[in-house]
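What follows is the residue order along each chain.
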Amino acid sequence: MMYTCWLRTRLLVFCAAAVILLYACFPQSASAASVFSDDFNDGNANGWTVTHGTWDVVTDGTPVYRQTSSVEGRTYAGTSSWKDYTVQSRIKMDTFNAGNRVLLAARYQDGNNYYAASLYNNNGGTLELRKKVGGTSTTLVSKSYALTTGTWYTVKLEVEGTALNMYVNGVLQLSATDSSIATGAIGLLTHSGAVAKFDDVAVNDFSAINTDSLFSGYRDFSDFVTGSLTTDTAYASNIVSWQMPHGGFFKSMETKYSSAWNGTDARSDWKSSSGVELGTFDNEATVKEIRFLADMYKKTGNAAFKTSVRKAVDFILNSQYSSGGWPQVYPQRGNYSDYVTFNDDAMVRVMVLIDDMINQRYAFDGDILTSTYRTNLTTALNKGVQYMLNAQIVMSGKRTVWCAQHDPVTFAALGARAYELPSKSGSESVGITAFLMSRPQTPEIRAAAKSALTWFDTVRVDGTRYVRSGPDFFVSDPASVMWYRFYNLDNNNHFFSDRDGLKYYNIMDISEERRLGYSWAGAYAKNLLTLASGSGYYSLTKPLP
């Protein structure tokens, strides 16, 4: 069969196959773990313990929980062992006179010990983060905020370690730190005669987020698939023949894979200083071959495919630096390819693959890998995560995002080609952040991911769309949001660059060849922020377009 005919066949077949693979094998939901929730639609407040006031469930469009006593109202739910979590509730004040407060409490131990997000009627309205310890109340931080009766407000209180954050209607309003109270339940409180209603109370812990929807392309090997088992088996056998002795593969090999290696042709366009052909992770190479061969072993049981996969996994393990990062190539090429490479998502793509192998997702179940391989891969993955944490760029004392390349020893941001200067990357940092969100949420991992999300939220450009083909490269579009490819390391100013290795701050100042020949901006982090905010992992400063 001619290669052109084979290519046309596989493209026609893949659409249906991809949908089946994506939705059958990889769940698409994403949410923080729900610890507690109550919308009161069952008409009762079972699970709540009232200690003060008059509480009942009434109808306000839907059933809600109301406090009507003229004295302090106090009710709580949950357990005293809860530590780090978010509690959220919709709140409406029906009677809210001067000096009245309505509070949503976290780490509630009793009526004399808790943290609270407070709605306070003082000079038109005030938001407060408060603590009550040993019966003494203290306002940690406050700000003016217009509050009116008869209006529903969505209030969220986040407690993590010593950090306290208060959100109203999805926007971060107040932050404070305090170490007085380590654990506790949740509470709903009213002070000084306030009459208020509460609804949709929810508690979520800081668990990992399912980010599979952002990584579907990382798992794609459709360039190798026709849908014909006979054709695909022959193609897989050809791939095995092109595998280099160290286990790696070169990039953009689809045409060459249409025939078996003849024993003399170069298997890589790059060689080390000693003449060794280099394998690479660039442009999905090696990762895609592993996924396809694993799939073919699952379908055929051909032992040669299993052996090839294991050989390629050895390549992954051997190419990792002791610091935890992966280069673009292995062995060393003697240039920027030897840096730890996030560019074009190379390292993150490897780590998603490793995670799939460890967890024995489809095609990596069964006997394709031994338990020893999975143990070694787990060690490698943990080192990779630690490298990400160590390499995160700190600006003015705050964690931000990552460069496309980093030093394997010092973790410093590095450049690559002349027009790829050391920078904060608006593109490559998306995959790193998403991967960290999917990990077990240690305080270090969560802090790194949330810092990156904050950076994306801060530098985003709403209402502008990048047009790569020009002639107007940045056009007004109210429905769009955009990030630039490169930002200075010491500030958040974006820049462009050219083959002369210089920075330019106007895209029209670089050559036409570079203007049209590189991606300088895009809606890079839109899906990431949508997922993070929709799951409750992160609250946007303002809605996305």
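Up top is the structure.
A short tour of the structure in this document, coming up.

Thresholds applied
- Residues numbered from 1 in each chain as written.
- Predicted model: local features only at pLDDT ≥ 70, side-chain atom pairs only at ≥ 80, totals over all residues.
- Heavy atoms only, no water.
- Buried < 20%, exposed > 50% of the residue type's maximum accessible area, 1.4 Å probe, protein only.
- Helix = DSSP H or I, 4+ residues; strand = E, 2+ residues; numbered from the N terminus.
- Pairing = 2+ DSSP bridges.
- Phe/Tyr/Trp six-rings, centres within 6.5 Å; stacked < 30°, edge-to-face > 60°.
- Lys NZ or Arg CZ within 6 Å of the ring centre and 35° of its normal.
- Axes fitted to C-alpha atoms, helices over the stretch in contact; angles between N-to-C directions.
- Parallel < 35°, antiparallel > 145°, perpendicular 65-115°, else oblique.
- Left-handed = near helix turned anticlockwise from the far one by under 90°.
- Contact = heavy atoms within 4.5 Å.
- Nonpolar A, V, L, I, M, F, W, Y, C, P; charged D, E, K, R; others polar.

## Some points on helix 7 (residues 428-437)
It helps to recall that an α-helix has 3.6 residues per turn; residues three or four apart then point in one direction. Most of helix 7 is tucked away: 10 of the 10 residues are buried. Those residues of helix 7 lying buried are Glu 428, Ser 429, Val 430, Gly 431, Ile 432, Thr 433, Ala 434, Phe 435, Leu 436 and Met 437.

## Let's talk about the sheet that holds strand 24 (residues 461-466)
Pairing within the open sheet is antiparallel, and its three strands lie in the order 24-25-29. For this open sheet the edge positions go to strand 24 and strand 29 (521-522), each flanked by a neighbour on one side alone. Where strand 25 (residues 474-484) meets strand 29, two bridges bridge the pair, whose relative direction is antiparallel. Bridging across to strand 29, Trp 483 finds its partner in Gly 522.

## Considerations on the packing of aromatic side chains
The final tally for this structure, using the stated rule, is 37 aromatic pairs. On the basis of an interplanar angle of 85 degrees and a centroid distance of 5.2 Å, the ring pair of Phe 250 and Trp 270 is categorised as edge-to-face. In this pair, Phe 250 sits in the loop between helix 2 (229-242) and strand 16 (279-280) while Trp 270 sits in the loop between helix 2 and strand 16, placing the two residues 20 residues apart along the sequence. The burial state of Phe 250 is the same as that of Trp 270; both residues are buried. Considering the side-chain rings of Trp 455 and Tyr 487, the 4.9 Å spacing of their centres and the 80 degrees angle between planes classify their relative orientation as edge-to-face. Placement of the pair is Trp 455 in helix 8 (residues 443-459) and Tyr 487 in strand 26 (residues 486-487), with a sequence separation of 32 residues. Here Trp 455 falls in the buried class, since its relative accessible area comes to 4%. The ring of Trp 261 carries Arg 267 above its face, with NZ or CZ at 4.0 Å from the centroid. Above the face of the Trp 270 ring, Arg 333 is positioned so that its terminal group lies 3.8 Å from the ring centre.

## Some words on the packing of helix 3 (residues 287-300) against helix 4 (residues 303-319)
At a minimum axis distance of 8 Å, the contact between helix 3 and helix 4 shows a crossing angle of 150 degrees. Taken together, the axes of helix 3 and helix 4 lie roughly antiparallel to each other. In this structure, helix 3 crosses over helix 4, and the sense of that crossing is left-handed. Residues Ile 290, Leu 293, Ala 294, Met 296, Tyr 297 and Thr 300 of helix 3 touch helix 4, and the partners they reach there are Ala 303, Phe 305, Lys 306, Ser 308, Val 309, Ala 312, Val 313 and Ile 316. Here the contact of helix 3 with helix 4 is composed, by residue class, of 11 nonpolar, two polar and one charged.

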